[in-house]
Amino acid sequence: MTKIKVLYISISGNTRSFAQKLAEYATTQHEKNAVEPEIELREVSEATIPAKEAGPFVAMVPTYLDGGNGVDNGVKELMTNALGEYIADGGNTSLCIGIIGSGNKNFNRQYCLTAKRYAAAFDAPFIADYELRGTDQDVVRIYDVLKKTFASAAAD
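The shown structure was predicted, so the numbers you read here are calculated from the model rather than taken from an experiment. (Residues numbered from 1 in each chain as written. Predicted model: local features only at pLDDT ≥ 70, side-chain atom pairs only at ≥ 80, totals over all residues. Heavy atoms only, no water.)

Quick look at the sheet that holds strand β1 (residues 4–8)
Here comes step 1: Spatially, five strands are ordered β2-β1-β3-β4-β5 in an open sheet, and the strand pairing comes out parallel. Pairing within the sheet leaves two strands with one partner each, and these edge strands are β2 (39–43) and β5 (126–131). Averaged over all pairs of adjacent strands, the angle between their axes in this sheet comes to 25 degrees, without regard to strand direction.
Here comes step 2: Here β1 pairs with strand β3 (residues 57–62) via three bridges, running parallel. (Pairing = 2+ DSSP bridges. Helix = DSSP H or I, 4+ residues; strand = E, 2+ residues; numbered from the N terminus. Axes fitted to C-alpha atoms, helices over the stretch in contact; angles between N-to-C directions.)

Section: the pairing of strand β4 (residues 96–103)
Here comes step 1: Burial runs high along β4: eight of the eight residues are buried.
Here comes step 2: Where β3 meets β4, six bridges bridge the pair, whose relative direction is parallel. Considered in β4, the bridge of Ala 59 is made with Ile 99. (Buried < 20%, exposed > 50% of the residue type's maximum accessible area, 1.4 Å probe, protein only.)

Overview of the nonpolar core
Here comes step 1: One finds Phe 18, Leu 22, Ile 39, Met 60, Ile 100, Ile 142 and Leu 146 to be the most contacted residues of the largest nonpolar core, which totals 20 residues.
Here comes step 2: Elements with a contribution of two residues or more to this core: β1, α1 (14–32), β3, β4, β5 and α4 (136–155).
Here comes step 3: Leaving out residues up to four positions away in the same chain, Phe 18 has contacts with Met 60, Tyr 130, Arg 133, Gly 134, Thr 135, Asp 138, Val 139 and Ile 142.
Here comes step 4: The next biggest cluster of nonpolar side chains, apart from the first, holds 18 residues, and it includes Phe 57, Val 61, Ala 82 and Ala 119. (Core = buried A, V, L, I, M, F, W, Y, C linked by side-chain atoms within 4.5 Å. Contact = heavy atoms within 4.5 Å.)

Examining the packing of aromatic side chains
Think of a pair of aromatic rings as described by two things: how far the centres are apart, and how the planes are tilted against each other in angle.
Here comes step 1: Overall, the coordinates contain three aromatic pairs when judged by the stated rule.
Here comes step 2: Ring geometry for Phe 18 and Tyr 130: centres 3.8 Å apart, planes at 15 degrees, overall stacked. In this pair, Phe 18 sits in helix α1 while Tyr 130 sits in strand β5, placing the two residues 112 residues apart along the sequence. Considered together, Phe 18 and Tyr 130 belong to a single accessibility category, that of buried residues. (Phe/Tyr/Trp six-rings, centres within 6.5 Å; stacked < 30°, edge-to-face > 60°.)

Regarding the environment of Arg 133
Here comes step 1: For Arg 133, the position within the fold is in the loop between β5 and α4.
Here comes step 2: Other than its neighbours up to four places away in sequence, Arg 133 contacts Ser 12, Gly 13, Asn 14, Ser 17, Phe 18 and Lys 21.
Here comes step 3: A polar contact of 2.8 Å, which involves the side chain of Arg 133, links it to the side chain of Asn 14. (Polar contact = N/O pair within 3.5 Å; in protein donor to acceptor, adjacent residues only side chain to side chain.)

Here we look at unusual backbone geometry
Here comes step 1: Despite not being glycine, Asp 123 has its phi angle at roughly 50 degrees, a positive value.
Here comes step 2: Of note, Asp 123 is situated in the loop between α3 (113–121) and β5.
Here comes step 3: The exposure class assigned to Asp 123 is exposed, which follows from its relative accessible area of 74%.
Here comes step 4: In the Ramachandran plot, Leu 132 falls in the positive-phi region, its phi being about 50 degrees despite a non-glycine side chain.
Here comes step 5: Within the fold, Leu 132 resides in the loop between β5 and α4.
Here comes step 6: Judged by its relative accessible area of 40%, Leu 132 falls in the partly exposed class.

Next up, the structure:
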């Protein structure tokens, strides 16, 4: 299997921290067994120029909202628009094979709402979630989900 590509945006550093832990874990697994895929990370920001991706990727997005509950009285997403624009404007929508979300479970129905909205907008499955900076167990669980997602995409 080739490398697993993960595009992400990080505002507070939580998503970046988790993405790096995930990539480090993948490297460790690859060193133990060359069949295990490594992870290639790409952080997207306001300064990132949209470009066509060369192959499939998963997007990892945190949730930052301003008002509304996202269900019956609206929602305004904050600060993560650069990733959505990169996916849409770069012609990458068809290459997005999954969305991973993060957030704070104290926000109840708003937990991972941005990721769920990305999944709907880009017709990509919401494949995993983790809270804040994630745990070591989240790293292992999400790495397994990523391997299955990319293996399934390669089989299609």
